[in-house]
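Spelled out, the chains give:
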Amino acid sequence: MERKRKLYEGKAKVVYETEDPKKLILLFKDTASAFDGVKKAEIEEKGVLNNTISCLIFEILEREGVRTHYIGRVSDREMLVWRAERFPVEVVVRNVATGSIVRRLGIREGTEFDPPLVEFFMKSDELHDPPVCEAHIVLLKLAPPEAIPLMRKTALRVNEILSRIFTEKGIRLVDFKLEFGKLPDGSVAVVDEITPDSMRLWDMRTGEKLDKDRFRFDLGDLLEGYREVLRRLSDS
Ligand code: 5GP
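Residues numbered from 1 in each chain as written. Predicted model: local features only at pLDDT ≥ 70, side-chain atom pairs only at ≥ 80, totals over all residues. Heavy atoms only, no water.

1. Structural notes on helix 6 (residues 222–234)
The terminal C-alpha atoms of helix 6, which comprises 13 residues, lie 18 Å apart, in line with the 18 Å expected from a rise of 1.5 Å per residue. Looking only at helix 6, the buried set comprises Leu222, Leu223, Gly225, Tyr226, Val229, Leu230, Arg232 and Leu233. Elements in contact with the buried residues of helix 6: helix 1 (46–63), helix 4 (147–168), strand 12 (171–182), strand 14 (199–203) and helix 5 (213–216). Put simply, Asp221 is the residue that caps the front of helix 6, since its side-chain oxygen is 3.4 Å from the backbone nitrogen of Leu223. (Helix = DSSP H or I, 4+ residues; strand = E, 2+ residues; numbered from the N terminus. Expected span 1.5 Å × (residues − 1). Buried < 20%, exposed > 50% of the residue type's maximum accessible area, 1.4 Å probe, protein only. Contact = heavy atoms within 4.5 Å. Polar contact = N/O pair within 3.5 Å; in protein donor to acceptor, adjacent residues only side chain to side chain.)

Printed below as a string of structure tokens:
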């Protein structure tokens with residue numbers, strides 16, 4: 001499958017049409033960005049690592065029966081996906097308190113969430129992705145009302161699957177962000193990417209951060225962390 005017309009270019013990916021109107025190609029760029037694009041850098045190889053990790057994770061989820069937009073890996077930095085009507089909502093699952101929840105609600109860093117916490121945010125650069133409740137999602141028509149419980153349930157199921165797999169690899173899945181959309185067959189599915197850009201992953205032995213927080217807070221070489229995640233995920 002080959003790239004045709006460019007549909008959209010985001011901070012980390014470019015979306016292309018293909019000869020099949022129902023299928024798109026996502027191209028993962030080497031750009032790293034944080035804090036609404038205020039901090040930015042080109043990091044050679046990041047796109048390849050993110051595509052590879054995202055493909056591996058989507059394959060795991062599909063095997064476990066989670067509906068996703070994933071069709072297959074096209075090349076080292078391209079993924080083939082079903083075209084989706086994307087909901088402008090970010091669904092965040094948290095197992096441990098860190099990041100925005102600590103700043104927003106004053107919860108102590110490191111607090112364990114049992115059961116895991118699910119939060120919704122509106123995707124809006126202009127408004128800096130504000131947190132929204134289910135009533136806001138309905139009011140603003142961000143997603144179909146019937147998709148809300150499904151997004152919550154699927155996000156928790158993804159958390160179970162990925163927490164188990166990462167634990168086996170000595171990594172704590174601290175939190176992650178998912179996006180959802182409606183596929184051509186009408187089903188609601190996990191879309192976008194699942195990478196260390198959108199997850200927090202801590203080494204269970206050393207506490208080392210293996211995700212984008214390395215770039216956000218200058219904690220070390222980003223590639224080293226992402227390569228380590230890929231190495232452990234590929235290790236069977
Ligand atoms: P927080 O709300 O603490 O900033 O982020 C929670 C989790 O969701 C983190 O794993 C973070 O990487 C992910 N996340 C939140 N917003 C975004 C976003 O706009 N883009 C990406 N790639 N990940 C996000």
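2. Some words on the site of the ligand
Surveying the vicinity of the ligand reveals 15 residues, the closest of which are Glu90, Arg94, Ser100, Asp175 and Arg200. Residue Asp197 places a main-chain N or O atom 3.3 Å away from a nitrogen atom belonging to the ligand. Interatomic distance of 3.0 Å between a side-chain N/O atom of Arg200 and an oxygen atom of the ligand. For the shell around the ligand, the secondary structure elements donating two or more residues are strand 9 (89–96), strand 12 and strand 14. In the shell around the ligand, the residues fall into three nonpolar, four polar and eight charged. (Near = heavy atom within 4 Å. Nonpolar A, V, L, I, M, F, W, Y, C, P; charged D, E, K, R; others polar.)

3. Regarding the packing of helix 1 against helix 6
Angle between the axes and distance between the axes are the two parameters that describe a pair of packed helices. Relative to each other, helix 1 and helix 6 sit at 30 degrees, their axes nearing to 10 Å. Considered as vectors, helix 1 and helix 6 are oriented roughly parallel to each other. Handedness of the helix 1/helix 6 crossing: left-handed. Counting all contacts with helix 1, which are made through Lys46, Leu49, Asn50, Thr52, Ile53, Leu56 and Ile57, the residues of helix 6 involved are Leu222, Leu223, Tyr226, Arg227, Val229, Leu230, Leu233 and Ser234. (Axes fitted to C-alpha atoms, helices over the stretch in contact; angles between N-to-C directions. Parallel < 35°, antiparallel > 145°, perpendicular 65-115°, else oblique. Left-handed = near helix turned anticlockwise from the far one by under 90°.)

4. A short note on the sheet that holds strand 3 (residues 23–28)
The antiparallel open sheet is built from five strands, whose spatial order is 1-2-3-7-6. With one partner strand each, in any of the chains shown, strand 1 (6–9) and strand 6 (70–75) form the two edges of the open sheet. Geometrically, the sheet is characterised by an average inter-axis angle of 25 degrees between neighbouring strands, direction not taken into account. (Pairing = 2+ DSSP bridges.)

5. Notes on the packing of helix 1 against helix 4
Axis separation between helix 1 and helix 4 bottoms out at 11 Å; the angle between their running directions is 120 degrees. The orientation of helix 1 relative to helix 4 falls into the category oblique. Seen from above, helix 1 lies across helix 4 with right-handed handedness. Touching Ile57, Ile60 and Leu61 of helix 1 are Val158, Ile161, Leu162, Ile165 and Phe166, all from helix 4. Across the contact of helix 1 with helix 4, the residue classes tally to eight nonpolar, no polar and no charged.

6. Examining the packing of aromatic side chains
All chains considered together, the criterion is met by two aromatic pairs. Aromatic pair Phe58 and Tyr70: ring centres 5.8 Å apart, planes at 15 degrees, arrangement stacked. A residue pair is termed long-range when its members are at least 10 positions apart, and Phe58 in helix 1 and Tyr70 in strand 6 qualify at twelve residues. If you follow Arg3 out to its NZ or CZ, it ends over the ring of Tyr16, 4.7 Å from the centre. Between Lys39 and the ring centre of Phe215, over which it is positioned, the NZ or CZ distance is 5.0 Å. (Phe/Tyr/Trp six-rings, centres within 6.5 Å; stacked < 30°, edge-to-face > 60°. Lys NZ or Arg CZ within 6 Å of the ring centre and 35° of its normal.)

7. Observations regarding the environment of Gly186
With respect to the helices and strands, the residue Gly186 is situated in the loop between strand 12 and strand 13 (188–191). Assessed through its relative accessible area of 38%, Gly186 is described here as partly exposed. Between the alpha carbons of Gly186 and Arg172 there is a distance of 34 Å; along the sequence they are 14 residues apart.

8. With respect to the pairing of strand 3
Along strand 3, six of the six residues are buried, which leaves the element largely enclosed by surrounding structure. Along strand 3, one buried face is formed by Lys23, Ile25 and Leu27 and the opposite face, lined by Leu24, Leu26 and Phe28, is buried too. Pairing of strand 2 (residues 13–17) with strand 3, which is carried by five bridges, proceeds in the antiparallel orientation. Bridge assignment links Lys13 to a residue of strand 3, and that residue is Phe28. Two strands pair when backbone bridges link them, and strand 3 and strand 7 (residues 78–82) are joined in this way by five bridges, in the antiparallel orientation. Within the sheet, the bridge partner assigned to Leu26 lies in strand 7 and is Met79.

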